[in-house]
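If you want the building blocks of each chain, they are given just below.
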Amino acid sequence: MTRPDDEVSRDVADAVAGDRAALHRLLTEIRPLVVRYCRARVGFAERGFGSADDVAQEVCMAVVTALPRYKDQGKPFMAFVYGIASHKVADAHRSSARNKSEPTADIPDEIGRNGVQDGTYLDPEQSYLDAESRVRVERLLEGLPSKQREIVVLRLIVGMSAEETAAAVGSTAGAVRVAQHRALAKLRNSFGEAGEQGVRA
């Protein structure tokens, strides 16, 4: 959260009491963080940007629905939000495992001159490399224990502090830093091994 904690706490209390302006401010602030979290955890290759954004929307709706029952327990509000988000992401993974269809993006009717459509340059090679990089990152993250993976996503992708992450995962800031250090060491080793296998192949 970018605003001071006391401002956020005031907005949370006001939103719980039914203040729509306070609710709007809260959603405006948490939505980008929730979207980043869902894009990192749902996976680009398996489900796609649209699906990750759909999950983020479900999280925001669930937060709004749960707010009237929210009780301040001394933890940052984002811990409450990420508790909901982790359940929605788990639901998305279960749903994806059951659904074996392969959704594809709509194919445009035509592409403009020089490979430009709607002002965006279409570079198939770059698109492939971007997708391949995302898949590699996802595979590396999946090799981590679930709590380490969650900490890496919250700290490095969402941008939460060690203290906020600790509240979200039910730990201490010190333990979060240790887990992050171990996770990054493991990712470096895994990345090196993957590179060596690619060279041997």
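Since this is a predicted model, take the numbers as computed values, not measurements.

J.: Can you break down the overall build of the chain residue by residue, with the values?
T.: Counting its secondary structure elements, the chain contains eight helices and two strands. Classification of the 201 residues of the chain by burial places 31% in the buried group. Sequence-distant contacts, at least 24 apart, represent 59% of the contacts inside the chain between residues at least 6 apart.

J.: Lay out the packing of aromatic side chains in plain terms, naming residues and giving numbers.
T.: Each aromatic ring pair is described using two quantities: the centre-to-centre distance and the angle formed by the ring planes. Scanning all chains against the criterion turns up four aromatic pairs. Between Y70 and F77, the aromatic rings sit 5.4 Å apart at their centres with planes inclined by 85 degrees, giving edge-to-face as the arrangement. There is no split in this pair, since Y70 and F77 are both buried. Taken together, the aromatic side chains of Y70, F77 and F80 make up a single cluster linked through ring pairs.

J.: Can you lay out the nonpolar core for me, pointing to particular residues and giving the numbers?
T.: Counting residues in each nonpolar core, the largest one holds 40 residues, and the members touching the most others are Y37, C38, V59, F77, Y82 and V158. Contributions of two or more residues to this core are made by helix 1 (5-16), helix 2 (20-42), helix 3 (44-66), helix 4 (77-98), helix 5 (124-142), helix 6 (146-158) and helix 8 (173-200). Looking at this core element by element, the count peaks at ten residues for helix 2. A domain-level breakdown of this core finds at least three residues from each of domain 1 (1-100) and domain 2 (123-200). Residues within four places of Y82 in sequence aside, it is in contact with L33, V34, Y37, L154, V158, M160 and A168. Ranked by size, the runner-up nonpolar core spans six residues in total, among them I151, A162, A166 and A173.

J.: Account for the state of the cysteines, naming residues and giving values.
T.: According to the stated counting rule, one finds zero disulfides in the structure shown. Counting only cysteine sulfurs, C60 is the nearest neighbor of C38, a cysteine outside any disulfide, at a range of 8.0 Å. Note on C38: relative accessible area 0%, which makes it buried.

J.: Quick rundown of the pattern of salt bridges? Include the residues and the values.
T.: It is possible for side chains of opposite charge to pair when their charged atoms get near one another. Across all of its chains, the model carries six salt bridges by this definition. With a shortest N-O distance of 2.9 Å, D53 and R39 are connected by a salt bridge. Highlighted residues: D53 in helix 3 and R39 in helix 2, separated in sequence by 14 residues. Owing to a relative accessible area of 22%, D53 belongs among the partly exposed residues under this scheme. R39 sits in the partly exposed class, given a relative accessible area of 27%. Through salt bridges with shared partners, a single network forms among R41, E142, R149 and E150.

J.: So what's going on with the side chain of R149? Residues and values would help.
T.: Its location among the elements puts R149 in helix 6. For R149, a relative accessible area of 11% translates into the label buried. Not counting residues within four places of it along the chain, the set of residues in contact with R149 comprises R41, L141, E142 and L144.

J.: An account of the packing of helix 6 against helix 7 (residues 162-169) is needed here, citing residue identities and associated values.
T.: One can describe the packing of helix 6 onto helix 7 by two numbers: an axis separation of 10 Å at closest approach and a directional angle of 140 degrees. One finds that helix 6 runs oblique with respect to helix 7. Between helix 6 and helix 7 lies a crossing whose hand is right-handed. Contacts between helix 6 and helix 7 involve K147, E150, I151, L154 and R155 on the former and, on the latter, A162, T165, A168 and V169.

J.: Before we move on, could you go through the environment of H24 and cite the residues and values that matter?
T.: Position of H24 among the secondary structure elements: in helix 2. The exposed category is assigned to H24, whose relative accessible area is 55%. With 13 residues separating them along the chain, H24 and D11 place their C-alpha atoms 9.3 Å apart.

Parameters and conventions
Residues numbered from 1 in each chain as written. Predicted model: local features only at pLDDT ≥ 70, side-chain atom pairs only at ≥ 80, totals over all residues. Heavy atoms only, no water. Helix = DSSP H or I, 4+ residues; strand = E, 2+ residues; numbered from the N terminus. Buried < 20%, exposed > 50% of the residue type's maximum accessible area, 1.4 Å probe, protein only. Contact = heavy atoms within 4.5 Å. Phe/Tyr/Trp six-rings, centres within 6.5 Å; stacked < 30°, edge-to-face > 60°. Core = buried A, V, L, I, M, F, W, Y, C linked by side-chain atoms within 4.5 Å. Domains from an automatic or database assignment. Disulfide = S-S within 2.5 Å. Salt bridge = Lys/Arg side-chain N within 4 Å of Asp/Glu carboxyl O. Axes fitted to C-alpha atoms, helices over the stretch in contact; angles between N-to-C directions. Parallel < 35°, antiparallel > 145°, perpendicular 65-115°, else oblique. Left-handed = near helix turned anticlockwise from the far one by under 90°.

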